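Observations on the three-dimensional arrangement
In case you want the letters, here they are:
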Amino acid sequence: MEVDLGGGAGVDLAAGPDGVRLTARPPAAETVLRLSPAQARALAAALVRAAGEAEHAQPAELVTVEARDLRRGDVRDSDRSMTVERVRAQGDSVQVTWVSGTGRSWTQDYAAGAGIGLRHRA
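Residues numbered from 1 in each chain as written. Predicted model: local features only at pLDDT ≥ 70, side-chain atom pairs only at ≥ 80, totals over all residues. Heavy atoms only, no water.

Points about the environment of D18
Mapping D18 onto the fold places it in the loop between β2 (9-16) and β3 (19-25). Along the chain, D18 and P37 lie 19 residues apart, while their C-alpha atoms are 8.6 Å from each other. Look past the residues within four positions of D18 in its chain and what remains in contact with it is R34 and L35. (Helix = DSSP H or I, 4+ residues; strand = E, 2+ residues; numbered from the N terminus. Contact = heavy atoms within 4.5 Å.)

A look at the pairing of β3
Here β2 pairs with β3 via 7 bridges, running antiparallel. Its bridge partner lying in β3, A14 is registered against R21. Between the end of β2 and the start of β3, which pair antiparallel, lie 2 residues. With 5 bridges connecting them, β3 and strand β4 (residues 31-35) associate as antiparallel partners. Among the inter-strand pairings, R21 is bridged to a residue of β4, identified as R34. Here β3 hands over to β4 after 5 residues, the two strands then running antiparallel side by side. (Pairing = 2+ DSSP bridges.)

Things to note about the sheet that holds β4
Spatial ordering of the open sheet is given by β1-β2-β3-β4, a layout of 4 strands whose pairing is antiparallel. What marks the edges here is a single partner per strand, and that holds for β1 (2-6) and β4. Direction aside, the axes of adjacent strands within the sheet are offset by 15 degrees on average. By the bridge criterion, 4 bridges tie β1 to β2 in an arrangement that is antiparallel. Considered in β2, the bridge of D4 is made with G10. (Axes fitted to C-alpha atoms, helices over the stretch in contact; angles between N-to-C directions.)

Read these as geometric descriptors, not functional statements.
Here's what the structure looks like:
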């Protein structure tokens with residue numbers, strides 16, 4: 001599998017019986033890593049986590065949405081990471097289940113029209 005990173009750079013991935021071979025192709029040089037399947041999974045998981053952190057760290061235009069319009073994956077504008085896990089409307093109120101960056105979850109009730117500031121819109 002080839003991933004083009006632009007500007008002549010890229011990454012080639014090849015799976016074989018001895019594991020995964022990752023070849024980084026910067027414009028002027030080449031770097032080869034040989035990884036076991038477990039190491040390849042750990043690298044992939046780390047890349048996914050880093051991409052998520054980078055997305056959430058990017059300055060974004062802050063938006064405010066009504067509680068009834070929250071979606072799974074929305075990130076609250078606050079000093080700690082709070083991501084919407086689930087939204088359940090109950091008449092004029094909305095139950096929102098949040099999950100923290102450490103995996104802790106809790107549920108809060110809001111008026112359906114309450115404004116919730118978001119740092120990142122899913």
